[in-house]
2 protein chains.
Amino acid sequence: MVKMMNYSRQREVILNTLKEYVVHPTAESLYEKVREKDSKISLATLYRNLNQLVENGIIKKIDGFYDSAHFDHNTHEHYHFMCRNCKRVFDIPSNVAPDLIHKTEETTGFLIENHDIIFSGICKDCRNDMSN
Amino acid sequence: MVKMMNYSRQREVILNTLKEYVVHPTAESLYEKVREKDSKISLATLYRNLNQLVENGIIKKIDGFYDSAHFDHNTHEHYHFMCRNCKRVFDIPSNVAPDLIHKTEETTGFLIENHDIIFSGICKDCRNDMSN
DNA sequence: ATTTAAAATGAGAATTGTTATCACTTATGG
DNA sequence: CCATAAGTGATAACAATTCTCATTTTAAAT
């Protein structure tokens, strides 16, 4: 029994705005963009809808970066990298860690339900800029 | 030029207490244990010292679990799992993802400085308990 | 040993990201 | 079109963490 979500204009704006991102914003920076399209949407509505979209598997929440959560419209298996310099959060393809779940379950006897790999360092753009 | 840390009794108590853990506590639960040994240590002192120990590479901070940070006295490369049921945070050996840094740097052109894998699910003990 | 400057402390206020409350509005199915 | 469940905006509340500041402790140099 999947709990029904009613339509809401605000949720649509929020999801569409998130989909415009290639990198993955915090609630705060997403809120700025959302407000450009609908200046009445409240911050509580943003958080409520982000949580709801996460619970329904439509988007993913990325925890693990030092400050606040980031949100990702890509729900395929992949991992994340934050640049220490520009603070952008990029996708990392999942083939960098083949067979990770299976190996971990074998090794530990734990049941793995969720996982993410969180990398940080310097992205390609910033490396190039630094060497100039 | 490594910044010198002066000795402090409080820091010693905090580090020693952290070392008693097999699983990895939050600041809050570590604080309870620390207060049993020295009931005068302030919460600010705990946080200040944990951050300082992290900056000096003596302990590691584990972000990425839904609520608060956990702290780990084991600085060897390894990963982390939180049980959804008992909320304990366990170590996962790093050989579940061989050559992860190298492959990721190759694939992306990014410079990787830090990384962690965050798993969640049900630990072995809780699986056993559940099947009773 | 005494002095001195930097480092650390305790207590509590402040800050930040996020969630809860509540009166009101909108969506949906009969 | 009515009833009811779901969603909203505004703002208060919250929890984790950091900051402030007057006082104390450490280290190292006299």
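Quick notes on the rules
- Residues numbered from 1 in each chain as written.
- Chains lettered and ligands numbered in written order.
- Predicted model: local features only at pLDDT ≥ 70, side-chain atom pairs only at ≥ 80, totals over all residues.
- Heavy atoms only, no water.
- Near = heavy atom within 4 Å.
- Polar contact = N/O pair within 3.5 Å; in protein donor to acceptor, adjacent residues only side chain to side chain.
- Nonpolar A, V, L, I, M, F, W, Y, C, P; charged D, E, K, R; others polar.
- Contact = heavy atoms within 4.5 Å.
- Buried area = accessible area lost by both parts, 1.4 Å probe.
- Salt bridge = Lys/Arg side-chain N within 4 Å of Asp/Glu carboxyl O.
- Helix = DSSP H or I, 4+ residues; strand = E, 2+ residues; numbered from the N terminus.

Draft legend 1. Representation of the protein's contact with DNA strand D within the structure. Near DNA strand D lie 23 residues; those nearest to it are Ser8, Gln10, Arg11 and Thr45 of chain A together with Tyr47 of chain B. Here, DNA strand D places atoms within 4 Å of the protein, and 77% of those atoms are sugar or phosphate. Asn6 of chain A is positioned with one of its side-chain polar atoms (N or O) 3.1 Å from a sugar or linking oxygen of DNA strand D. Here a phosphate oxygen of DNA strand D and a backbone polar atom of Ala69 of chain B are 3.1 Å apart. For the surface near DNA strand D, the per-class residue count stands at nine nonpolar, 10 polar and four charged.

Draft legend 2. The arrangement of the interface of chain B and chain A in detail. At the junction of the two partners, chain B supplies 34 residues and chain A supplies 34 residues. Interface of chain B and chain A: buried area, both sides summed, is about 2,900 Å²; carbon and sulfur atoms make up 61% of it. Area buried by chain B at its contact with chain A is led by Val96, Phe110 and Phe119 of chain B, which between them contribute 19% of it. Counting across the chain B and chain A interface gives two salt bridges. At the boundary of chain B with chain A, the tally comes to 14 residue pairs in polar contact (both at pLDDT 80 or more). Contributing elements (two or more residues each) for the side of chain B that touches chain A: strand S4 (89-93), helix H4 (100-108), strand S5 (111-122) and helix H5 (124-130) of chain B.

Purely spatial values, then, with no claim about function.
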